[in-house]
Amino acid sequence: MSYRYIGNKTRLLPILLDSFKTVVKDGATVADIMCGTAAVSEALRTAGYRVIASDMMTFAAHHARVRLLLSEKPEFTGTGLGRYAGVLAHLNQLKPQNGVFHKEYSPDGVPENGSDPRKYFSGENAGRIDAITAQLNQWQQAGALSETENSLLRHDLVLASNRVANIAGTYGHHRSKWGTSALASLELRPTTLLNGHRTDHIVHQGPAETVAPLIEADLCYIDPPYMKRQYAANYHIIETIARGDSPEAVGVSGLRPWRDQYSDFCSKVKIRDAFRMIFNLAQCDQFMISYSEDGLLTEEQLMELFSEVGTVSLQKIPFTRFRSNAGGQGGTVIEYLFHIKR
Ligand SMILES: C[S@@+](CC[C@H](N)C(=O)[O-])C[C@H]1O[C@@H](n2cnc3c(N)ncnc32)[C@H](O)[C@@H]1O
């Protein structure tokens, strides 16, 4: 699954797994409480651990369910369309509709708030997102989809939309000119499911500070945002696709109202107490925390904070910076991996 998601740990997986292995036994329970794309959760599953995954974003919960809870294609009996391939074929041939995506996020629509038409998707692709979402919502309301079936189809729609979105890295803004991939036709593609690995995992959705009391694990991995910019703002459009709702589109960029998914980890003032809540509430004696040298808190500030909990050690990993198509800093940055033992 390729996915341009800020801070995703795909390239760090071998190092992370090596480090996890040194502190927990085979088959241990490991929590990944800011799981994002669920790349780390999936690697943990493949390595034989039992995983508790969580994130505050809806799309992340869909990714986690797909990557942790499924090992074969669901039956999709409630749809009456045959199995996975039949369902995707049906969704791929639906006629475009004039829904919220067509209106708010394509140049063929007229935004409700009087902003200039937005160019996140071509009119055709936006109308297809609307049509597929309407069908998924209808199935869901009729009880025709199980939770994992619903997550699999919404996960596929998020990935299909990512491939044709007219953006430079995040959904904070659309591009003014059309990129070649944005003019291609949106297509749902079947996800290859992990086969032959345990499925006794748990997926939660919500702020880590709220989910923490539900976490009973041998190790808790925390991969927080490290910048001020909120994930809910950067990825507002895939959150709407994941929820299938029709929120108000605010401002020039058409952001969904996202305050309910504001993260205290993006605030220099609030981040320490947010960490403390997790440490206090999770039933766990070990934590591993990823953080960037570019982040809001320095190595020294983090050391001081984590030392309140127990013994801290630090591994420093050189890493290539995230770069959007529009440019960005590039170069190498140090990625921190802290380990705390109570
Ligand atoms: C650096 S990314 C995680 C990337 C992930 N490890 C991956 O490989 O894709 C940070 C994640 O933290 C989530 N997040 C931010 N604040 C949160 C909070 N308070 N509780 C739960 N999740 C939060 C964001 O939605 C985002 O997915």
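Just so you know, these numbers come straight off a predicted model, no measurement behind them.

## Notes on the overall build of the chain
Then, in step 1: Secondary structure summary: the chain contains 13 helices and 7 strands in total.
Then, in step 2: Relative to its length of 342 residues, the chain is compact, with a C-alpha radius of gyration of 20 Å against a globular reference of 20 Å.
Then, in step 3: Taken along the three principal axes of its C-alpha coordinates, the chain extends 60 × 45 × 30 Å.
Then, in step 4: In the chain, which comprises 342 residues, the share counted as buried stands at 56%.
Then, in step 5: Counting only contacts in the chain whose residues sit at least 6 apart along the sequence, the fraction spanning at least 24 positions is 73%.
Then, in step 6: Summed over all atoms, the accessible surface of the chain reaches about 14800 Å², with 49% contributed by carbon and sulfur.
Then, in step 7: In the chain, 36 positive and 36 negative side-chain charges are present, and the distance between their average locations comes to 4 Å.

## Examining the pairing of strand S1 (residues 29-32)
Then, in step 1: Side chains of S1 alternate between two faces, with Thr29 and Ala31 and Val30 and Asp32 buried alike.
Then, in step 2: The pairing of S1 with strand S2 (residues 50-55) spans 4 bridges and is classified as parallel. Bridging from a neighbouring strand, valine 30 pairs with valine 51 of S2.
Then, in step 3: The handedness of the S1 to S2 crossover, carried by helix H2 (residues 39-46), is right-handed.

## Focus on the domain arrangement of the chain
Then, in step 1: As far as domains go, the chain holds domain 1 (1-72 + 195-225 + 263-342) and domain 2 (74-192).
Then, in step 2: Spacing between the C-alpha centres of domain 1 and domain 2 amounts to 29 Å.
Then, in step 3: Counting each side, the surface lost to burial between domain 1 and domain 2 is near 1300 Å², with a carbon and sulfur contribution of 68%.
Then, in step 4: Put simply, domain 1 and domain 2 have 1 salt bridge between them.
Then, in step 5: Where arginine 65 meets glutamate 147, a salt bridge forms, and the shortest distance between an N and an O atom there is 3.7 Å.
Then, in step 6: Along the contact surface separating domain 1 from domain 2 lie 3 residue pairs in polar contact (both at pLDDT 80 or more).
Then, in step 7: Its residues assigned to classes, the side of domain 1 that touches domain 2 shows 8 nonpolar, 4 polar and 3 charged.

## What about the nonpolar core?
Then, in step 1: Counting residues in each nonpolar core, the largest one holds 78 residues, and the members touching the most others are Phe59, Leu91, Phe101, Phe121, Leu153 and Tyr171.
Then, in step 2: Element by element, the count of residues in this core is highest for helix H7 (residues 147-164), at 7 residues.
Then, in step 3: When residues of this core are assigned to domains, at least three map to each of domain 1 (1-72 + 195-225 + 263-342) and domain 2 (74-192).
Then, in step 4: Apart from the residues within four sequence positions on either side, leucine 91 is in contact with Ile132, Gln135, Leu136, Trp139, Leu153 and Leu188.

## Concerning helix H11 (residues 236-243)
Then, in step 1: In terms of residue burial, H11 counts as a mostly covered element, since 7 of its 8 residues are buried.
Then, in step 2: When we look at burial in H11, the residues that qualify are His236, Ile237, Ile238, Glu239, Thr240, Ile241 and Ala242.
Then, in step 3: Considering only its buried residues, H11 is in contact with helix H3 (58-69), helix H5 (100-105), helix H6 (123-141), H7 and helix H10 (231-234).
Then, in step 4: Phi for glycine 244, located one or two positions after H11, is positive at around 70°.

## Thoughts on the state of the cysteines
Then, in step 1: A full pass over the atoms with the stated rule returns 0 disulfides.
Then, in step 2: The thiol of cysteine 220 is not disulfide-bonded; the next cysteine sulfur, from cysteine 284, is found 5.3 Å away.
Then, in step 3: Judged by relative accessible area, cysteine 220 falls into the buried class, the value being 0%.
Then, in step 4: In this structure cysteine 266 is not part of a disulfide, and its nearest cysteine sulfur, from cysteine 35, lies 16 Å away.

## Quick look at the site of the ligand
Then, in step 1: The full set close to the ligand counts 23 residues, and Tyr5, Thr37, Asp55, Asp223 and Ser263 are the nearest of them.
Then, in step 2: With respect to the ligand, the backbone of methionine 56 contributes an N or O atom lying 3.3 Å from a nitrogen atom.
Then, in step 3: With respect to the ligand, the side chain of aspartate 223 contributes an N or O atom lying 2.6 Å from a nitrogen atom.
Then, in step 4: With the chains in place, 99% of the 600 Å² that the ligand exposes on its own is no longer accessible.
Then, in step 5: Tallied by class, residues from the shell around the ligand come to 13 nonpolar, 6 polar and 4 charged.

## Points about the sheet that holds strand S6 (residues 311-320)
Then, in step 1: Strand order across the open sheet formed by 7 strands is S3-S2-S1-S4-S5-S7-S6, with mixed pairing between neighbours. Here the strands that pair on one side only, and so sit at the sheet edges, are strand S3 (202-205) and S6. Across the sheet, the axes of successive neighbouring strands diverge by a mean angle of 15°, strand direction being ignored.
Then, in step 2: As paired elements, S6 and strand S7 (residues 332-341) share 10 bridges and run antiparallel to each other. Looking at S7, one finds that lysine 316 is bridged to tyrosine 336.
Then, in step 3: In this fold helix H12 (residues 271-281) packs onto strand S4 (219-222), strand S5 (286-292) and S7, with an angle of close to 155° to the strand it touches most, S5.

## Observations concerning H2
Then, in step 1: With 6 of 8 residues buried, H2 lies mostly within the body of the structure.
Then, in step 2: Three or more residues of H2 are buried, namely Ala39, Val40, Ser41, Ala43, Leu44 and Arg45.
Then, in step 3: Where H2 is buried, its residues contact helix H1 (13-23), S1, S2, H3 and S4.
Then, in step 4: Phi for glycine 48, located one or two positions after H2, is positive at around 95°.

About the thresholds
Residues numbered from 1 in each chain as written. Predicted model: local features only at pLDDT ≥ 70, side-chain atom pairs only at ≥ 80, totals over all residues. Heavy atoms only, no water. Helix = DSSP H or I, 4+ residues; strand = E, 2+ residues; numbered from the N terminus. Rg over C-alpha atoms; globule rule 2.2 N^0.38 Å. Buried < 20%, exposed > 50% of the residue type's maximum accessible area, 1.4 Å probe, protein only. Contact = heavy atoms within 4.5 Å. Areas by Shrake-Rupley, 256 points an atom, 1.4 Å probe, with all protein chains shown as cover. Lys, Arg positive; Asp, Glu negative; His and termini not counted. Charge placed at Lys NZ, Arg CZ, Asp CG, Glu CD. Pairing = 2+ DSSP bridges. Right-handed = clockwise from strand over helix to strand, strands pointing away. Domains from an automatic or database assignment. Buried area = accessible area lost by both parts, 1.4 Å probe. Salt bridge = Lys/Arg side-chain N within 4 Å of Asp/Glu carboxyl O. Polar contact = N/O pair within 3.5 Å; in protein donor to acceptor, adjacent residues only side chain to side chain. Nonpolar A, V, L, I, M, F, W, Y, C, P; charged D, E, K, R; others polar. Core = buried A, V, L, I, M, F, W, Y, C linked by side-chain atoms within 4.5 Å. Disulfide = S-S within 2.5 Å. Near = heavy atom within 4 Å. Axes fitted to C-alpha atoms, helices over the stretch in contact; angles between N-to-C directions.

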